[in-house]
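Residue-level structure breakdown
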Amino acid sequence: MRLGIDLGTTRTIVAHVDRGNYPLVTFDDLDGDPHDYVPSISALQDGRLVHGFAAEAAARQGAPVLRSVKRVLGDPTTHPGTTVAVGDREFPLLEVLAGFLSSVREELPAGDHEAVVAVPAHSHSVQRFLTLEAFRRAGFTVTAMVNEPSAAGFEYSHRQGRTLNSKRNRIVVYDLGGGTFDASLVESDGVGHTVLDTAGLNRLGGDDLDHLLADLALDAAGRTADDLRTRALDDLREQCRAAKESLTPQTRKIVLDVPGAADTGGSDAGDGADDSTTVVLPVADYYDAARPLVRRTVETTEPLVGELGEDSSVAGIYLVGGGSAFPLVPRMLRERFGRRVHRSPYPGGSTAIGLAIAADPESGFTLTDRLSRGFGVFRERDEGRALAFDRIFASDVRLPSGPSNAEATVVTRRYRAAHDIGWFRFVEFTGDVAGGEPTGDLAPVGEMLFPFDPALQTDGAVEGLDPATVTVHRRPDGPLVEETYTVDADGIVSVRISDLDTGYTRSLDLGA
Ligand SMILES: Nc1ncnc2c1ncn2[C@@H]1O[C@H](COP(=O)(O)OP(=O)(O)OP(=O)(O)O)[C@@H](O)[C@H]1O
Ligand SMILES: [Mg+2]
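This structure is a prediction, so every number in the text was calculated from the model and none was measured. (Residues numbered from 1 in each chain as written. Chains lettered and ligands numbered in written order. Predicted model: local features only at pLDDT ≥ 70, side-chain atom pairs only at ≥ 80, totals over all residues. Heavy atoms only, no water.)

1. Examining the overall build of the protein
Let me state the cut-off plainly: To qualify as a helix, a DSSP run of H or I must reach at least 4 residues; to qualify as a strand, a run of E must reach at least 2; elements of each kind are numbered from the N terminus. Radius of gyration: C-alpha atoms only; globule rule: 2.2 Å multiplied by the number of residues to the exponent 0.38. Think of it in three bands: residues with accessible area under 20% of the maximum for their type are buried, residues over 50% are exposed, and the middle band is partly exposed, with areas taken using a 1.4 Å probe on protein chains only. Residues count as neighbours in contact if any of their non-hydrogen atoms are within 4.5 Å of one another. Values of accessible area rely on a 1.4 Å probe in the Shrake-Rupley scheme; residue burial ignores everything except the protein chains shown. When charges are tallied, Lys and Arg are placed among the positive residues and Asp and Glu among the negative ones, while His and the ends of the chain are skipped. Charge coordinates come from a single atom per side chain, which is NZ of Lys, CZ of Arg, CG of Asp or CD of Glu.
Each helix and strand in the protein was counted, giving ten helices and 30 strands. Its C-alpha atoms give the protein a radius of gyration of 25 Å, near enough to 24 Å, the size a compact globule of 512 residues would have. Counting over 512 residues, the protein shows a buried share of 52%. For the protein, the share of sequence-separated contacts (at least 6 apart) that also reach a separation of at least 24 residues comes to 67%. Counting every atom, the protein has about 22,200 Å² of accessible surface; 46% of that belongs to carbon and sulfur. Separation between the mean location of the 51 positive side-chain charges and that of the 77 negative ones in the protein comes to 5 Å.

2. Description of the sheet that holds strand β5 (residues 38-39)
Let me state the cut-off plainly: Pairing between strands is defined by DSSP: at least two bridges between them are needed.
The strand order across the open sheet built from five strands is β5-β2-β1-β11-β12, with neighbouring strands paired in mixed fashion. Looking at strand neighbours, the two that pair on one side only are β5 and β12 (141-147), the edges of this open sheet. Direction of pairing for strand β2 (residues 11-16) relative to β5: antiparallel, over a ladder of two bridges. Along β5, the bridge assignment pairs Arg11 with Pro39.

3. What about the site of ligand 1?
Worth spelling out the cut-off: Nearness is judged by heavy atoms alone; a residue qualifies as near a molecule or strand once a single heavy atom is within 4 Å of it. Whenever a nitrogen or oxygen atom comes within 3.5 Å of another N or O atom, the pair is scored as a polar contact, on the condition that within protein one atom can donate a hydrogen and the other can accept it, and that pairs from neighbouring residues in sequence are kept only if both atoms are in side chains. Under the grouping applied here, Gly and all other residues not named as nonpolar or charged are polar, the nonpolar ones being Ala, Val, Leu, Ile, Met, Phe, Trp, Tyr, Cys and Pro and the charged ones Asp, Glu, Lys and Arg. All domain edges in this entry derive from an automatic or database-based domain assignment.
Surrounding ligand 1, one finds 20 residues, the nearest of these being Thr9, Lys70, Lys244, Glu245 and Gly322. A distance of 2.7 Å is found between an oxygen atom of ligand 1 and a backbone nitrogen or oxygen belonging to Thr10. One nitrogen or oxygen atom from the main chain of Gly322 is found 2.7 Å from an oxygen atom belonging to ligand 1. Isolated, ligand 1 exposes 640 Å² of accessible area, and the fraction of that covered by the protein chains is 92%. Among the elements of the structure, α6 (206-220) and α7 (230-245) are those that each provide at least two residues to the shell around ligand 1. Classifying every residue of the shell around ligand 1 gives two nonpolar, eleven polar and seven charged. Mapped onto the domain boundaries, the shell around ligand 1 takes at least three residues apiece from domain 1 (2-204 + 292-368) and domain 2 (206-289).

4. Some details on the packing of aromatic side chains
Stated precisely, the cut-off is as follows: Aromatic pairs are defined between Phe, Tyr and Trp rings, using the six-membered ring for Trp, whenever the two ring centres lie within 6.5 Å; interplanar angles under 30 degrees are classed as stacked, those over 60 as edge-to-face, and all others as tilted. Criterion for a charge above a ring: Arg CZ or Lys NZ at most 6 Å from the ring centre, at most 35 degrees from the ring normal.
This structure, assessed with the given rule, holds 18 aromatic pairs. Just above the ring of Tyr37 sits the side chain of Arg11; from NZ or CZ to the centre is 4.2 Å. A cation over a ring is seen here: Arg425 above Trp423, with NZ or CZ 3.6 Å from the ring centre.

5. Section: the packing of α6 against helix α8 (residues 283-305)
Cut-off, in case you're wondering: Here an axis means a line fitted to C-alpha atoms, over the contact stretch when the element is a helix, while the angle between two N-to-C directions is reported on a 0 to 180 degree scale. Should an angle lie under 35 degrees it is considered roughly parallel, over 145 roughly antiparallel, and from 65 to 115 roughly perpendicular; all remaining angles are considered oblique. A clockwise turn of the near helix away from the far one marks a right-handed crossing, whereas an anticlockwise turn of less than a right angle marks a left-handed crossing.
Between α6 and α8, whose axes approach to 10 Å, the crossing angle comes to 140 degrees. Taken together, α6 and α8 sit at an angle that is classed as oblique. Crossing of α6 over α8 shows right-handed handedness. In contact with Asp208, Leu209, Asp210, Leu212, Leu213 and Leu216 of α6, α8 contributes Asp285, Tyr286, Ala289, Ala290 and Leu293.

6. Considerations on the sheet that holds strand β30 (residues 505-509)
Spatial ordering of the open sheet is given by β23-β28-β29-β30, a layout of four strands whose pairing is antiparallel. Lying at the two open borders of the sheet, with one neighbouring strand each, are β23 (410-416) and β30. Recorded for the sheet is a direction-independent mean angle of 10 degrees between the axes of neighbouring strands. Pairing of strand β29 (residues 493-499) with β30, which is carried by five bridges, proceeds in the antiparallel orientation. When the bridges of β30 are listed, Val495 appears paired with Leu508.

7. Considering unusual backbone geometry
One non-glycine residue, Ser68, lies in positive phi territory at about 50 degrees. Take Ser68: it is sitting in the loop between β8 (65-66) and α2 (69-74). In this structure, Ser372 is a non-glycine residue whose phi angle is positive, near 70 degrees.

8. Focus: the nonpolar core
The criterion, for reference: Take the buried residues of types Ala, Val, Leu, Ile, Met, Phe, Trp, Tyr and Cys, join any two whose side-chain atoms come within 4.5 Å, and each joined set is a nonpolar core.
Ranked by internal contacts, the top residues of the largest apolar core, which has 85 residues, are Phe140, Phe375, Phe393 and Phe426. Residues lining this core come from more than one domain, with at least three contributed by each of domain 1 (2-204 + 292-368) and domain 3 (374-509). Formed by 46 residues, the second largest nonpolar core is a distinct cluster that contains Leu176, Leu201, Leu204 and Leu281.

9. Let's talk about the side chain of Ser188
Tracing the backbone shows Ser188 in strand β14 (residues 181-188). For Ser188, a relative accessible area of 5% puts it in the buried group. Ser188 has contacts with Ser157, Leu164, Asn169, Ile171 and His193, leaving out every residue within four places of it along the chain.

10. Focus on the environment of Glu155
Mapping Glu155 onto the fold places it in helix α5 (residues 148-160). Beyond its immediate sequence surroundings of up to four residues, Glu155 is in contact with Tyr318, Ser344, Ser350, Ile353, Gly354 and Ile357. One polar contact links Glu155 to Arg159, side chain to side chain, over a distance of 2.6 Å. Of the polar contacts made by the side chain of Glu155, one reaches the side chain of Ser350; its length is 2.8 Å.

11. So, the domain arrangement of the protein
What counts, and what does not: In this description, buried area is defined as the sum, over both parts, of the accessible area (probe of 1.4 Å) that is lost when the two are combined. Salt bridges, as used here, are contacts in which a Lys or Arg side-chain nitrogen is within 4 Å of a carboxyl oxygen on Asp or Glu.
Per the domain assignment, the segments making up the protein are domain 1 (2-204 + 292-368), domain 2 (206-289) and domain 3 (374-509). Look at where the C-alpha atoms of domain 1 and domain 2 centre, and you get two points 27 Å apart. Taken residue by residue, the interface counts 21 residues in domain 1 and 18 residues in domain 2. Taken over both partners, the interface formed by domain 1 and domain 2 buries close to 1,500 Å², and the fraction arising from carbon and sulfur atoms is 52%. Per-residue buried area on domain 1 facing domain 2 is highest for Leu293, Phe326 and Pro327; these three make up 32% of the total on that side. The tally of links from domain 1 across to domain 2 stands at four salt bridges.

Next up, the structure:
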């Protein structure tokens, strides 16, 4: 079967292709109740990892849990060997993710599972690689990987196509998820989609609204997060999430039970319950506290929307992501952008539905996407005493979607080497280049030692070396060197460095 799978920070949602329709797949919890998502959590039970609803149930019994693993995936320091702690055990991040995705696949009807998957628009190569690899290890055949807001753009033109015309052909997708905020400006001619610009906040999402409410409740109860055991704090935040999700524009008060300091967080439920305090919070206070957070998302969206006059080509500002169901979100967006703000009827499912549309060859939908982050290399200068940064790709570089523009995504550099060994450090970054340096979130995505001295160009001469311990010397009459950088359709960069005099070559898939 063909699927669109949205691996989310808090929820994983799956839509499937069904003769021109893209319904969400339902998953049963341990009580047999259906949900149109799987909670993206893992827990340690009897020495092994369990995932999804089983993990949620285990957590209620006091098992150590791992939530929001996607935040680890997006961390700039994450590499393929990164491990995560669950209770007192460490697991490779890739193993946890692959295990979680296997548990999702086991719930699907048996057969082949061809999936289109997504990553946040600004994801670096490591996050893209690990996501693809985890899906593959879980047994999925991944046919494409696209940026999350681009997928939501598909869902919009599928559903709201009538609002698009030749003059109004652009959509701004506002996606507030559990852990990230992303916005994209997408142009659509009905089936062809081009991403014109993206913006985002990597560490802002619905989870932060839960934490905010928990802090207000703790304040009202005269306690601090430090007073609570990890599990009691986790319980309180879960209560806050549930309270937040049941808010309607008419809600006036929120009632919460703040666990007491004596709450041991032990395994038998109910201990220390007598020490908990019930607090009643006016919703208005919660909204006041949440306003700055939502305002940051509005400000991030503004440059993509531009002037909304008669001549504007923006047909709609489309609110997707579970977090956009928070009543303050549409309210503040309408205050700023007026009537062109539309909410998705399935805020949490929009990305998965868009991915299923992308997975359906019959839909005819195509996408031209952008790299959405910069890529560059630091090279050594002056015998290793200085580094020079060279931006190879700017964030607006188009990703190859077919042979027609494939050339645009290859960049080469040629020069005569001035040292005996080159140490190349590759980085991806979310900002611009200022003062010769990359700015914004910076992710080191790989490094390579390359021998320019032919005496060192033998198998094994540099492979095992720790670059930090290598001394670099100036060497006159160095070889002619060519560096070739390529971006593939998944947004993953690879590099090949060659000594054109001897033919010696080294290659690296960044992220792998
Ligand atoms: N009715 C609701 N009202 C308010 N918030 C909600 C509602 N339903 C879900 N949410 C919140 O939406 C968030 C999850 O949204 P979503 O499923 O889009 O995120 P995700 O895909 O898991 O995360 P991300 O896209 O950041 O990786 C959670 O914070 C959840 O509490
Ligand atoms: Mg999401």
